[in-house]
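Summary of the model geometry
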Amino acid sequence: MNRLLRSRLHVIVAGLVILAFVSPIYLMIVNAVKSQSQILSSPEGLPIPPTLGNLTTALSRPDNLIQLGLRNSLIDVIVSVALLIPLSSAFSFYISRRRTKLRAVILAALAAGLMIPPQVILLPTIQILTFLGLDHTYPGLILSNLGGGYFSFAVFVYVGFMRSIPDEVIQAARLDGATGLRIWWQIVLPLVRPATATVAIFLSLWIWNDFLNPLFILGPLQGQTITTGLYLTIGQYSVDYGQLFGIMFLAGIVPILGYLTVQKQFVAGLTAGSTK
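The numbering scheme is per chain: residues are counted from 1 as the chain's sequence reads. In view of the model being predicted, local features appear only for residues whose pLDDT reaches at least 70, and side-chain atom pairs are presented and counted only at 80 or more, with totals across whole chains, interfaces and linings using the full set of residues. Side-chain measures here rest on the full set of heavy atoms in the structure, leaving out hydrogens and waters.

Points about the layout of surface pockets
Rules: Cavity: a set of points on a 1 Å grid over the protein atoms alone where a 1.4 Å probe fits but cannot get out. Pocket: an open set with protein on both sides within 12 Å along at least five of seven lines, its lining residues, like those of a cavity, having an atom within 4 Å of a point. Grid points are joined across faces, edges and corners, and a volume is the space filled by probe spheres set on the points. By the criteria applied, helices consist of DSSP H or I runs no shorter than four residues and strands consist of E runs no shorter than two, each listed in order from the N terminus. Asp, Glu, Lys and Arg are counted as charged, while Ala, Val, Leu, Ile, Met, Phe, Trp, Tyr, Cys and Pro are counted as nonpolar; the rest, among them Gly, fall into the polar class.
As a volume, the largest pocket reaches approximately 620 Å³. Along its surface, the largest pocket is lined by 24 residues, and Pro118, Ile121, Gly148, Gly149 and Asn213 are the ones closest to its centre. Those elements that place two or more of their residues in the lining of the largest pocket are α5 (100–115), α6 (118–132), α7 (138–145), α8 (148–162) and α12 (212–218). The element that contributes the greatest number of residues to the lining of the largest pocket is α6, accounting for eight residues. What the second largest pocket holds in volume is close to 470 Å³. In terms of lining residues, the second largest pocket is bounded by 16 residues, among which Met28, Asn209, Gly252, Pro255 and Ile256 are the most central. Among the secondary structure elements, those contributing two or more residues to the lining of the second largest pocket are α1 (2–32), α11 (193–209), α13 (226–232) and α14 (241–274). The element that contributes the greatest number of residues to the lining of the second largest pocket is α14, accounting for seven residues. Considering only residue class, the lining of the second largest pocket consists of 13 nonpolar, three polar and no charged.

What follows is the structure, given as structure tokens:
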């Protein structure tokens, strides 16, 4: 009887956790195809009848908020992740082959990048970018993404995978005359494809959803990403919830499709590695 009660309790708790994660997605989808009056009267109700007016209104805004926001966010994510993956993987390969004490010191220093809140280092980051002449620019925003928690997270993931690579593989490549750069590019990176997929998934989602860095580093006069664009749609005295949910729906399509695509590669990489 106690085992049955515990089993039912686990099912109930799991159901509540799933409901907590699914509810925001459900509200976004159903309210994106409902009118303003339907949203205000019954935000959790089904869209009867559904309407595409919110989506067409969002896409036809005179300021091109959706088009520019998606473009800017894609540039930010693609360039940042394309730089973070080689930098973090190369650095991880270097420290994963160092002696234990040196590796522990470096990882402890990088752990600060994960523990320090981004809001704490935002002002020093802006001051450094201003000194370099990169404030209110996309290179400055991308440069800010290369440090802090993003880089630290990628290093921790890569080091865990690279430490499992046998030293014999690396030594055999060195005996064949391969340089460190060639070993990293042609041997190590193909062996840690699951780690690369994991890093790409999480970093892309985090950078795409980032709000503070684009808001303060770019500024409203230099354009906006899709997250800061959502902020601009909220009025001081009234909010067009239909258009807001429509923009949220359009903003969520790109990361969802990208996540599903990379997730397949991640699973394929794990399966391929398990058969070798």
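Some thoughts on the packing of aromatic side chains
Here is the rule we go by: Ring pairs shown here join Phe, Tyr and Trp side chains whose ring centres sit within 6.5 Å, with only the six-membered ring taken for Trp; geometry is labelled stacked below 30 degrees between planes, edge-to-face above 60, and tilted in between. Per-residue accessibility, obtained with a 1.4 Å probe over protein chains only, is compared with the maximum for each type, and a residue is labelled buried under 20%, exposed over 50%, and partly exposed between these values.
Throughout the structure, instances matching the rule amount to five aromatic pairs. Between Phe153 and Trp206 the ring centres are 4.8 Å apart and the planes differ by 65°, which places this aromatic pair in the edge-to-face class. Taken together, the residues span a long stretch of sequence, with Phe153 in helix α8 and Trp206 in helix α11 at a distance of 53 residues. Look at Phe153 and you get buried, because its relative accessible area is 16%. Taking the relative accessible area as the measure of exposure, Trp206 reaches 36% and is therefore partly exposed. Taken together, Phe153, Phe202 and Trp206 form an aromatic cluster joined through their ring pairs.

A word on α11
This is how the line gets drawn: Residue count minus one, scaled by 1.5 Å, sets the expected span of a helix.
With 17 residues, α11 should cover 24 Å at 1.5 Å per step; its first-to-last C-alpha distance of 24 Å lies within 8% of that length. All of the buried residues along α11 are Pro194, Ala195, Ala197, Thr198, Val199, Ala200, Ile201, Leu203, Ile207 and Trp208.

Structural notes on the side chain of Ser88
What counts here: In protein, a polar contact means a hydrogen-donor-capable atom and an acceptor-capable atom, both N or O and within 3.5 Å, with residues adjacent in sequence counting only if both atoms are side-chain atoms; elsewhere, any N or O pair within 3.5 Å suffices. Any two residues whose heavy atoms approach within 4.5 Å are treated as being in contact.
Tracing the sequence through the fold places Ser88 in helix α4 (residues 65–96). A distance of 3.3 Å separates the side chain of Ser88 from the backbone oxygen of Ile85, its partner in a polar contact. Once residues within four sequence positions are removed from consideration, Ser88 is found in contact with Phe151, Ala154, Val155 and Tyr158.

Thoughts on the nonpolar core
To keep things clear, this is the line we draw: Only buried residues count toward a nonpolar core. Its members are Ala, Val, Leu, Ile, Met, Phe, Trp, Tyr and Cys residues joined through side-chain atoms within 4.5 Å.
Within the largest apolar cluster, 45 residues are counted, with the highest numbers of intra-cluster contacts made by Ile66 and Leu203. Filtering out sequence-adjacent residues up to four positions away, Ile66 remains in contact with Ala58, Leu59, Ile226, Ile247 and Leu250.

Observations regarding a positive patch on the surface
Stated precisely, the cut-off is as follows: Surface patches are defined over residues having more than 30% relative accessible area and no salt bridge, joining like charges when they lie within 9 Å and nonpolar side chains (Val, Leu, Ile, Met, Phe, Trp, Tyr) when within 5 Å. In these tables, accessible area is a Shrake-Rupley quantity obtained with a 1.4 Å probe, and a residue counts as shielded only by the protein chains included in the view. Salt bridge criterion: a side-chain nitrogen from Lys or Arg within 4 Å of a carboxyl oxygen from Asp or Glu. Only four residue types enter the charge count: Lys and Arg as positive, Asp and Glu as negative, with His and the chain ends excluded. By convention, the charge on Lys lies at NZ, on Arg at CZ, on Asp at CG and on Glu at CD.
Side chains of Arg98, Arg99, Lys101 and Arg174 sit close together on the surface and give a patch of like positive charge. The topology assignment puts Arg99 in the loop between α4 and α5. The class for Arg99 is exposed, based on a relative accessible area of 63%.

In short, shape yes, function no, at least from these values alone.
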